[in-house]
Amino acid sequence: VGECQLSMLVFALEVLVVVLYSVFVTYDDQTNALLQNNKTQPLENTVYQDYPFFADIQVMIFIGFGCLLAFFRRYGFGGMVFNFLTATFAIQWAILVQGFFHFYYDGQIHLGVINLINAEFACAVVLISFGAVLGKTSPVQLLVPVFGVTEWIVVEHLKINDAGGSILIHLFACYFGLGVTFILYRPSLNEGHSKEGTTYQSDLLSVLGTLFLWVFWPSFNCALTLRGDDQHRAILHTFIGLSASTLTAFALSALLSKNGKLSMADVQNVTLAGGVTVGASVDMMISPAVAYVLGMLGCTACMLGYKYLSPFLARRLRLQDQCGIHNLHGLTGLISTIAGICAILLASEETYGPSLYQTFSYRAPQQGDPQLGELQKLIPGLEAGLGRTAKEQALYQVVALGSTISISAVGGVLTGLVLKLPYLASPTDEFCFDDELFFNVPLDEDQASESQEPRCSETQITNHQYILQSNFEYHF
Amino acid sequence: VGECQLSMLVFALEVLVVVLYSVFVTYDDQTNALLQNNKTQPLENTVYQDYPFFADIQVMIFIGFGCLLAFFRRYGFGGMVFNFLTATFAIQWAILVQGFFHFYYDGQIHLGVINLINAEFACAVVLISFGAVLGKTSPVQLLVPVFGVTEWIVVEHLKINDAGGSILIHLFACYFGLGVTFILYRPSLNEGHSKEGTTYQSDLLSVLGTLFLWVFWPSFNCALTLRGDDQHRAILHTFIGLSASTLTAFALSALLSKNGKLSMADVQNVTLAGGVTVGASVDMMISPAVAYVLGMLGCTACMLGYKYLSPFLARRLRLQDQCGIHNLHGLTGLISTIAGICAILLASEETYGPSLYQTFSYRAPQQGDPQLGELQKLIPGLEAGLGRTAKEQALYQVVALGSTISISAVGGVLTGLVLKLPYLASPTDEFCFDDELFFNVPLDEDQASESQEPRCSETQITNHQYILQSNFEYHF
Amino acid sequence: VGECQLSMLVFALEVLVVVLYSVFVTYDDQTNALLQNNKTQPLENTVYQDYPFFADIQVMIFIGFGCLLAFFRRYGFGGMVFNFLTATFAIQWAILVQGFFHFYYDGQIHLGVINLINAEFACAVVLISFGAVLGKTSPVQLLVPVFGVTEWIVVEHLKINDAGGSILIHLFACYFGLGVTFILYRPSLNEGHSKEGTTYQSDLLSVLGTLFLWVFWPSFNCALTLRGDDQHRAILHTFIGLSASTLTAFALSALLSKNGKLSMADVQNVTLAGGVTVGASVDMMISPAVAYVLGMLGCTACMLGYKYLSPFLARRLRLQDQCGIHNLHGLTGLISTIAGICAILLASEETYGPSLYQTFSYRAPQQGDPQLGELQKLIPGLEAGLGRTAKEQALYQVVALGSTISISAVGGVLTGLVLKLPYLASPTDEFCFDDELFFNVPLDEDQASESQEPRCSETQITNHQYILQSNFEYHF
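Residue numbers here run from 1 along each chain, matching the order of that chain's written sequence. Throughout, the order in which chains and ligands are written sets their labels, letters from A for the former and numbers from 1 for the latter. Owing to the predicted nature of the model, reporting of local features is limited to residues with pLDDT of at least 70; listing and counting of side-chain atom pairs is limited to 80 or more, with chain, interface and lining totals taken over all residues. Working from all heavy atoms in the structure, the side-chain values ignore hydrogens and water.

A. Structural detail: the overall build of chain A. When helices and strands are counted, chain A shows 19 helices and three strands. Each radius of gyration reported is based on C-alpha atoms, and the globular scaling rule is 2.2 Å times the count of residues to the power 0.38. Since a compact globule built from 476 residues should have a radius of gyration of about 23 Å, the 24 Å found for chain A is in line with a globular shape. For chain A, the C-alpha atoms occupy an extent of roughly 95 × 55 × 40 Å along the three principal directions. In this description, contact between two residues means that some pair of their heavy atoms is separated by no more than 4.5 Å. Taking the intrachain contacts of chain A between residues at least 6 apart in sequence as the baseline, contacts between residues at least 24 apart amount to 80%. With an accessible surface of roughly 15600 Å², chain A has 63% of that area assigned to carbon and sulfur atoms. The convention is simple: Lys and Arg are positive, Asp and Glu are negative, and His and the chain ends are not counted. To locate a charge, take atom NZ for lysine, CZ for arginine, CG for aspartate or CD for glutamate. Across chain A, the centroid of the 21 positively charged side chains sits 8 Å from that of the 38 negatively charged ones. Working definition: helices are DSSP H or I runs of at least four residues, strands are E runs of at least two. Numbering for both runs from the N terminus. Only the protein chains shown count as cover for residues, and the accessible areas themselves come from Shrake-Rupley with a 1.4 Å probe.

B. Region of interest: the pairing of strand β3 (residues 108–111) of chain A. Residues and elements named next belong to chain A. By this definition, two strands are paired if DSSP reports at least two bridges between them. Across three bridges, the pairing between strand β1 (residues 25–27) and β3 is parallel. Paired with Tyr27 across the strands is Leu111, a residue of β3. As defined by bridge partners, strand β2 (residues 104–105) adjoins β3 across two bridges and the pair is classed as antiparallel. Within β3, the residue paired with Tyr104 across the bridge is Ile109.

C. Focus on the relation of the copies chain B and chain C. Once chain B has been moved 0.0 Å along the axis and rotated by 120 degrees, it coincides with chain C to within an RMSD of 0.0 Å. On the angle and the small slide along the axis, the relation comes out as a three-fold axis. Mapped onto chain C, only 12% of the interface residues of chain B are again interface residues, and the two copies thus contact each other with different surfaces. A residue counts toward the fit only if its pLDDT is at least 70 in both copies, and the copies are then superposed by least squares on the C-alpha atoms of those residues.

D. Layout of the packing of aromatic side chains. Ring pairs shown here join Phe, Tyr and Trp side chains whose ring centres sit within 6.5 Å, with only the six-membered ring taken for Trp; geometry is labelled stacked below 30 degrees between planes, edge-to-face above 60, and tilted in between. For the structure on display, the rule yields 72 aromatic pairs over all chains. When the ring of Phe77(A) is compared with that of Tyr200(B), the centres are 4.5 Å apart and the planes differ by 20 degrees; the resulting orientation is stacked. On the criterion of chain membership, the pair formed by Phe77(A) in helix α3 (residues 76–102) and Tyr200(B) in helix α8 (residues 200–222) is interchain, its members lying in two chains. In terms of burial, Phe77(A) and Tyr200(B) fall into one category: buried. An angle of 90 degrees between the planes, with centres 5.5 Å apart, marks the rings of Phe84(A) and Trp214(B) as edge-to-face. Residue Phe84(A) is located in helix α3, and its partner Trp214(B) is located in helix α8; the two belong to separate chains. Burial status follows relative accessibility: with a 1.4 Å probe on protein chains alone, a residue under 20% of its type maximum counts as buried, one over 50% as exposed, and anything between as partly exposed.

E. Quick peek at the interface of chain A and chain C. Counting from both sides, the interface comprises 79 residues of chain A and, opposite them, 78 residues of chain C. For the pairing of chain A and chain C, the buried interface totals around 6800 Å² over both sides, and the portion due to carbon and sulfur atoms is 70%. Summed over both partners, the accessible area (1.4 Å probe) lost when two parts come together is defined as the buried area. Three residues, Tyr200(A), His232(A) and Leu247(A), lead the burial of chain A against chain C; their summed loss comes to 12% of the area buried on that side. Polar contacts here mean pairs of N or O atoms no more than 3.5 Å apart (in protein, one a potential hydrogen donor and the other a potential acceptor; neighbouring residues in sequence count only if both atoms are side-chain atoms). Our count for the contact surface shared by chain A and chain C stands at 22 residue pairs in polar contact (both at pLDDT 80 or more). Among the elements that make up the side of chain A that touches chain C, the one with the highest residue count is helix α9 (residues 229–256) of chain A (19 residues). The residue inventory of the side of chain A that touches chain C, partitioned by class, reads 39 nonpolar, 26 polar and 14 charged. Gly falls in the polar group here, along with every residue not listed as nonpolar (Ala, Val, Leu, Ile, Met, Phe, Trp, Tyr, Cys, Pro) or charged (Asp, Glu, Lys, Arg).

F. Main features of unusual backbone geometry. Even without being a glycine, Asp106(A) presents a positive backbone phi close to 55 degrees. Mapped onto the elements, Asp106(A) comes out in the loop between β2 and β3. We note that Phe433(B) has phi near 55 degrees; this positive angle belongs to a residue other than glycine.

G. View of the interface of chain B and chain C. Taken together, the contacts link 76 residues of chain B with 75 residues of chain C. Both faces combined, the contact of chain B with chain C buries some 6300 Å², and carbon together with sulfur accounts for 70% of it. Put simply, a salt bridge is a Lys or Arg side-chain nitrogen that is within 4 Å of an Asp or Glu carboxyl oxygen. Along the contact surface separating chain B from chain C lie zero salt bridges. The tally of links between chain B and chain C comes to 22 residue pairs in polar contact (both at pLDDT 80 or more). Looking at the side of chain B that touches chain C, the elements with two or more residues in it are α1 (2–24), β1 (25–27), α2 (47–68), α3 (76–102), α4 (113–130), α8, α18 (445–457) and α19 (465–474) of chain B. The dominant element in the side of chain B that touches chain C, judged by the number of residues it contributes, is α1(B), at 12 residues. Looking at the side of chain B that touches chain C, its residues break down into 48 nonpolar, 19 polar and nine charged.

H. Looking closely at the relation of the copies chain A and chain C. Mapping chain A onto chain C calls for a rotation angle of 120 degrees and an axial translation of 0.0 Å; the resulting RMSD is 0.0 Å. The share of interface residues of chain A whose copies in chain C are also at the interface is only 13%, consistent with the copies meeting through different surfaces.

I. Seen up close, the sheet that holds β1(B). Residue and element names in this part refer to chain B. Here three strands make up an open sheet; going across it, the order is β1-β3-β2 and the pairing mixed. If you trace the sheet from one side to the other, it starts and ends with β1 and β2 (104–105), each paired once. Here α3 sits on the sheet and contacts β1, β2 and β3 (108–111); the angle it forms with β3, its principal contact strand, is near 110 degrees. Axis definition: a line fitted to C-alpha atoms, over the contacting stretch in the case of helices. Angles run 0 to 180 degrees between N-to-C directions.

J. Just the environment of Arg186(C), in detail. Residues and elements named next belong to chain C. The topology assignment puts Arg186 in the loop between α7 (166–183) and α8 (200–222). Remark: the alpha-carbon pair of Arg186 and Leu319, spanning 133 residues in sequence, is separated by 9.6 Å. In this structure, Arg186 is in contact with Lys136, Gln320, Ser426, Pro427, Thr428, Asp429 and Cys432, ignoring residues within four places of it in sequence. Within the local environment of Arg186, its side chain forms a polar contact with the side chain of Asp429, the two groups lying 2.6 Å apart.

K. Local environment of the packing of helix α2 (residues 47–68) of chain C against α8(C). All names here are of chain C. Orientation of α2 relative to α8, taken along the N-to-C sense of each, is 155 degrees, at an axis distance of 8 Å. The orientation of α2 with respect to α8, classified from their angle, is roughly antiparallel. Regarding α2 and α8, the two cross each other, and that crossing is left-handed. Of α8, the residues touching α2 (which contributes Phe53, Asp56, Ile57, Val59, Met60, Ile63, Gly64, Phe65, Cys67 and Leu68) are Leu205, Ser206, Gly209, Thr210, Phe212, Leu213, Phe216, Trp217, Ser219, Phe220 and Cys222. Classifying every residue of the contact of α2 with α8 by side-chain character gives 15 nonpolar, five polar and one charged. Reported orientations rely on four angle classes, namely roughly parallel under 35 degrees, roughly antiparallel over 145, roughly perpendicular from 65 to 115, and oblique for the rest. The sense of a crossing depends on the near helix, which, turned anticlockwise from the far helix by less than a right angle, makes the crossing left-handed and, turned clockwise, makes it right-handed.

L. The pattern of salt bridges, seen in detail. Taken as a whole, this structure holds 18 salt bridges over all chains when the rule is applied. The salt bridge involving Arg233(A) is made with Asp229(A); its shortest N-O contact spans 2.9 Å. In this pair, Arg233(A) and Asp229(A) both sit in helix α9, four residues apart, roughly one turn of the helix. With relative accessibility at 8%, the residue Asp229(A) sits in the buried group. A salt bridge links Lys377(C) to Glu374(C), with the nearest nitrogen and oxygen atoms 3.8 Å apart. Within this pair, Lys377(C) and its partner Glu374(C) are both found in helix α16 (residues 370–378), separated by three residues, close to a single helical turn. No difference in accessibility class separates Lys377(C) from Glu374(C), as the two residues are exposed. Residues participating in the shared-partner salt-bridge network are Asp229(A), Asp230(A) and Arg233(A).

M. Region of interest: the packing of helix α13 (residues 325–346) of chain A against helix α17 (residues 390–419) of chain A. Residue and element names in this part refer to chain A. It is at 8 Å that the axes of α13 and α17 come closest, and there the two elements cross at 165 degrees. The angle between α13 and α17 places the two elements in the roughly antiparallel class. Of the two possible hands of crossing, α13 and α17 adopt the one that is right-handed. Here Leu334, Thr337, Ile341, Ile344 and Leu345 of α13 come into contact with α17, specifically with Ala390, Lys391, Gln393, Ala394, Gln397, Val398, Leu401 and Ile405. Partitioned by chemical class, the residues of the contact of α13 with α17 number nine nonpolar, three polar and one charged.

N. How the structure looks around helix α8 (residues 200–222) of chain A. Here α8(A) is 23 residues long and its end C-alpha atoms lie 34 Å apart, about the 33 Å a rise of 1.5 Å per residue gives. When you tally the buried positions in α8(A), you get 23 out of 23 residues, the bulk of the element. Every helix has an expected span of 1.5 Å times one less than the residues it contains.

O. Inspection of the environment of Val270(C) at higher detail. Residue and element names in this part refer to chain C. Summarising the element assignment, Val270 is placed in the loop between α10 (264–269) and α11 (273–277). Taking the C-alpha atoms as reference points, Val270 and Thr246, separated by 24 residues in sequence, lie 7.3 Å from one another. The residues contacting Val270, other than those within four sequence positions of it, are Ser245, Ala249, Ala265, Cys299, Cys302, Met303 and Tyr306.

P. Local environment of the sheet that holds β1(A). With respect to topology, three strands assemble into an open sheet ordered β1-β3-β2 (chain A), the strand pairing being mixed. If you trace the sheet from one side to the other, it starts and ends with β1 and β2 of chain A, each paired once.

Q. How the structure looks around the environment of Lys195(B). All names here are of chain B. Assignment of secondary structure puts Lys195 in the loop between α7 (166–183) and α8. In this structure Lys195 comes out as buried when scored by relative accessible area, which is 16%. Once the C-alpha coordinates of Lys195 and Phe77 are considered, the two residues, 118 residues apart in sequence, prove to be 14 Å apart.

R. Highlighting the confidence of the model for chain A. Residues and elements named next belong to chain A. Averaged over every residue, the pLDDT of chain A is 88; residues scoring 70 or more account for 92%. The quantity called pLDDT is the predictor's confidence in a given residue, expressed from 0 to 100. No element of chain A has a lower mean pLDDT than helix α19 (residues 465–474), at 29, and none a higher one than helix α11 (residues 273–277), at 97. For residues 449–476, every residue scores under 50 in pLDDT, and the model assigns this stretch 32 contacts once sequence neighbours within four places are set aside.

Written out as structure tokens, the structure reads:
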């Protein structure tokens, strides 16, 4: 019954999407044959600026996240495949929602690869929050939050500096996910679950996912920054931040474990903390050394969070955070936000030259301000901004921080309440972290040979029968 | 003996290739140092347009296909490694054959990265058809079809619109592969085979392959389209088509399975149907919504094919299609061809502007036609075409469809007959889907420990002996 | 204690790096906002030329190498994760060391993505040499050689033609690694080690690593060549060389194995020989056929090395070369060097035109030479060179070969002596190739049952009862 729901829901969503696409979605200037003519240069089409970053982020979302989430012993299919399902729908939906807010004119949403990149950022929000409830939700339940994060659009409109999405993506996703998991609290899971562990193979696959995220993270952090030196800096800082957090993660993992050994969960998650921590200031002139320090700080906060905060949250605050998103995205996002505010306050024409008003576009003079004309002599294409001072911009960042956390947490709680509706086929505690519930799982070789043994030997060997039986139970 | 044949065949092929390369292959304008001089701009070298797509398609062919084909329980090495071997030789050979037809002048084949992309398309034909006989052929047999698809060149000369290769690649490969498997029919396999299943790990690896194909498919479909907006649309449509077929695959997989659970085989294959279905019209102004609908239609046809048509073909028509290429490439290819014909018939200057005669280059006026001069005022570089009308072009597509199917099927049958020659070391039915025949397979840990068990316990436990024995047989 | 050392060492290194970065590292022209102004074009920022190659090489280093080195039965974590750790630190350190030698002016190291590419080449040296002692070293020991290869800088200054790094990277790394393993000789390992083997899964993962290296190797070989046709040729030759060595590896693997079957170790390593062998002449006009022949030759040498030379070196010369780097990087590097010398001697203006003095930049006339003015009329931007003749350049290559081998071998021996210091937590022979020593390894499903066997079977257990029990626990 549960899967029949999935089929019906998916069909209904597809019909909805196709109707909305046919009514509202058309090509943008860069994809419309009619508007690309002898005055446009094919090789100057924006697709060549956007597609490489789009492809890299696709790898992160479908392969990086997919492998990373496949770490559970018997929930590898779920981790990898539900990530695939959720991401696919989230992008489809985000194209519509973001389209209405950012790419809508002449009564239509105008589509190009740049929309897909924006949609992937929205999708990242969904997938990160998904980490809080991994293994405890049905695929039907996973599709609902896609709508929940629609409110993300609200926060996006605060006009803040956040190139790598530390506030808009990571913090939003984190508190949204915590809101959901707060409502879906399962007391019995605090006692541990027999299928919650990993295997040698699942740990390796998960590290592979980490490495894909690690390698392509610079593309994620720079995809929506200004072309040129801003994008160049974003790549450098992301690499340096990740690099610093990776070393720190190794050091802390060994130091904080009981027996001095490294833990694979740390390698899989904590190494990535630097990518989030540099996010809010990733395109600014923060200097390589500060990017390095941010990586170290973010990683330390993340690691201490895993070690001390997560168990506390789970037991005392009903916040069972399956993948520890509060550590990897919440704490690091907070540090990143603060670092971003400092970088904004310190930014001056001395360091940036007139391009200060490009990197911090809201600080550019408003339309009509004579100063704008002066600046446009220095930078021909400079667009009018909002005339904010550094302090005003810093204030907006603080406001964005507060509203992101509160809006996302409330949204998460509301989404969680919807997910509690009885129709949504939530797995029982026993079937958490278990692919059997949603997939036809193949018998593994050893199991298969075991299950065949009786055939040839049951005449003589009666004590094999129970194996047969246990296999039986296993499959229902 | 079988492998000695492989060695001899490969050496012979290498000598052949190296002789032909040394006599016929030279650099093209873009790779020849002598022709790149102070009148050429290094950064305008075509390598920068072609290499990113080439690299993406390399990932699809060697990693995507390789992992996807590693789904059998005990044929992971075969799937991944024979794919590696076949692809490598297919590209080498295609460089020569396509070179003679497309890049031959002044008595030489002129080589650049663009030839490699073309050769990879030919290679895709081989690998897709390989799917029909996966696990039932020796590596020697796999190298033969590389020559068989040489006739592909014939079809390529029909001058049709088929940017994503739905007709030229997918349909050709499908019917070629079916022709081969028709001849290599093994009645006993219809009863099922003990090694035909998957394992948890092999299913995960195969999904990973699917994800690589999924992520980079836009690069495949756009690599040979016109630069600029055509390429931009090809990327958009491929993404949307895949996205729609993925959702549909999840819905149908749950709906059509006996117990309402998802099947990994569906996730691995059917999700990709949209990439093929948008192929023939991928660079045209079909609108995002139509790309979405094509993805849904292709996926539905593919899924129903797996469920109902494949068993029928295997039992009644001797068409044992191991990977279901008729569903993923044949049925979807047919839909794509029809969609392409509709798009051609509907294409007008109103929608495309004068670039109609670029996207549909065969409709451009012929050399000497005064209309050509008019158009060249609008689009300076426009090349003369064949002066076809929309209806004529549509007719050519139909002819291409018919001739592709018939030529490829006949070619497949003939290739199949060659493969039946006794020297080619075809595996016996028993050793189908079994790496043991061609590889030194490591003892797995559990097997290793099992095989050691008897040492310590054979004195007391007699009923372990059959396990020992089965391990024994298994390893020879 | 060992891991506490790791933590302390890593923290110390991080503090050192962050201090040096903050004092010495700043942005280069392309990343500094102040220097990017209305006279610079954002889209002409070098980041767009460099980042795609950087990303490809990142995939090779972190994913390709990581998976490739995960081939041991019980050292998958070690292979993949220590590669991650070592590569991360090596790049951080190389940014500093190379920065001082190549990017230092105005009292600062100037940083852009181009530095990261250079640092990755240095990192490759470390990782290749790491292959000689894989599984026999602690993570603390692995961080030391990063400093050892600092001397690499010396060789880099010989001003030779070596685009793909056959001499500077592969030969240096090989003899450095051999120097280290010579000192770390463990006689008992010559008798074989119970954990030295592979499993079905580890072999598959390792092949996946090979495929990533194979696919992106052209990016590695061309990243530091001249833009334009030189880079185009480097891509072509690398692809052709790899392609030839892959076919040869299959042929030889079957031919040289006892039972005519393919060995996965050959597929994982020997297929890559061509990438190294074309390295030294990869950007020259050697012709596609010669690239093919180089691939075949390199592969043959590599394969024979694995078969006959490695066992000899291990038993007679104390050179236990765990991954056979002497075959894959040493022998192939030698052939590549010789091929490079031949290509240098044969290079003429007839073949290259005036761009001869770009590809072979040291042959360009010196500053002040009137010939330089002549050439600059043909190639406006041509830089003054060292006025070497072809023969002189060839001689320099020979000198570089000799000094690379001797400097690296001595450096390796010295590094090996440092690694013997008792504080560095070298694993005992018994714990070689064993993740247990450094990681919290999850109990595998089957092990979970095995490890419980003794508990219940000790008491006396007739036959299979313990399996029952463990299955039971497992399934509930």
